[in-house]
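Structure at a glance
So you can see what is in the structure, the chains are spelled out below.
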Amino acid sequence: MPLMPVCELWTPDTTGVFLRCASGSYVGHEEFGEKSKDVVFAKGEGLPGRVWASKHPEILATLGAPSDFMRAKAAAATGLTAGIAIPILRSGSVIAVFNFLTAQTTALTGIMEVWTPTYDSSALTWHSGYYGPLSEIRDLRVSTRFDPGDGLPGRAWKNRRPELVTKLTLTRDNFIRNEVAEGAGLTTGISIPLMLGPYIKAVITLLSTAESPFGHVTEIWEPNEDGTRLQRRDGYYGRFGKFYDDDAERTFEMGEGLPGQVWETAMPQMIAPLDKSSGFARYQAAQSAELSVAIGIPVIDDEKVTSVILLLS
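A brief structural summary.

1. Quick word on the overall build of the protein
In terms of helices and strands, the protein carries nine helices and 18 strands. Put simply, 56% of the contacts in the protein that link residues at least 6 apart link residues at least 24 apart. Carbon and sulfur atoms provide 49% of the accessible area of the protein, an area that totals close to 13400 Å².

2. Remarks on the packing of aromatic side chains
All chains considered together, the criterion is met by six aromatic pairs. Between the aromatic rings of Phe32 and Phe69, the centroid separation amounts to 6.5 Å while the plane-to-plane angle is 15°, which identifies the pairing as stacked. Here Phe69 lies in the loop between β4 (58–60) and α3 (72–77) and Phe32 lies in helix α1 (residues 30–34), a separation of 37 residues in the sequence. Site record: aromatic cluster; members linked through ring pairs are Tyr26, Phe32 and Phe69. Stacked on the ring of Trp52, the Lys or Arg Lys43 has its end atom at 4.9 Å from the ring centre.

3. Overview of the pattern of salt bridges
The final tally for this structure, using the stated rule, is 13 salt bridges. Ionic pairing is found between Arg50 and Glu58, a salt bridge with its closest N-O pair at 2.7 Å. One network of salt bridges, in which partners are shared, links Arg161, Glu163, Glu222 and Arg233.

4. Describing empty space enclosed by the protein
The full count for this structure, using the stated rule, is four cavities of 30 Å³ or more. By volume, the largest cavity is sized at about 190 Å³. Met4, Phe100, Phe214, Ile295 and Leu311 are the residues nearest the centre of the largest cavity, which is lined by 19 residues in total. Going through the elements one at a time, β1 (6–12), β11 (186–196), β17 (294–301) and β18 (304–312) are the ones with two or more residues in the lining of the largest cavity. Looking at the lining of the largest cavity, the element that brings in the most residues is β18, giving three residues.

Cut-offs used in this document
Residues numbered from 1 in each chain as written. Predicted model: local features only at pLDDT ≥ 70, side-chain atom pairs only at ≥ 80, totals over all residues. Heavy atoms only, no water. Helix = DSSP H or I, 4+ residues; strand = E, 2+ residues; numbered from the N terminus. Contact = heavy atoms within 4.5 Å. Areas by Shrake-Rupley, 256 points an atom, 1.4 Å probe, with all protein chains shown as cover. Phe/Tyr/Trp six-rings, centres within 6.5 Å; stacked < 30°, edge-to-face > 60°. Lys NZ or Arg CZ within 6 Å of the ring centre and 35° of its normal. Salt bridge = Lys/Arg side-chain N within 4 Å of Asp/Glu carboxyl O. 1 Å grid on protein atoms, 1.4 Å probe; cavity = no way out; pocket = protein on both sides within 12 Å on 5 of 7 lines; lining within 4 Å. Points joined across faces, edges and corners; volume = space filled by probe spheres on them.

As structure tokens, this is what we get:
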């Protein structure tokens, strides 16, 4: 089971007044999906609406009281406990909002964090987070700062691109909080920079265990030197190594496959199920690995898609 079994893609409607759910995946939480079909959000309303208004990622550490999660009863009925909403920014506007919801327990753990630059851009400091039962890392959050290039969030901040680490406990250079991560069983992390014009507004960091990753497969695709094709820069495959081995040298032209479509349109996309008719280029490998959902997230810098994050579960 993925750590974030519910993912929703919200986009402004043609009037620009409401966010509507363009697509959603509700693995094991289909009842919540049914009750979300006709929901819309005005700007500032609910978790997606607040992110639409603020242009800033937001974490809800609880979906029940005392939060104002509008679908709290439906979430509680299916065991959903917390969530993060991530805006996709282009030309200074929010073109979409991704909602990821988790159903964490003491046996199913992970971390969501948002880090923001200080007023003088000298360091990243903690803005918000969700830690579940991982109290040791939660207690470190306020005192932790990241200089440019320092730690996973600091590297994403300095390089202005997503950074993926698949062995958090290897070295202190890899992950500053490695001792605590090792004790919690955290092995995989990804940091995603959120740019607004020339500025980095926030860095989102997601940490998870091998047993319950945020994505069973995570890939980062970037344009090659001459900007003609996307090539894979990094990836996490867990027990799905064959998914990589079958297409180790694969590249995508603009508009080709899910990474190429996200690159061309600068719009996030979600595909489910991953069958022959879905247009997912590697559907056979996905089916053999029993992967059913693919999510493509553009990282946009200076109005250009500089990276495409692909999550499969």
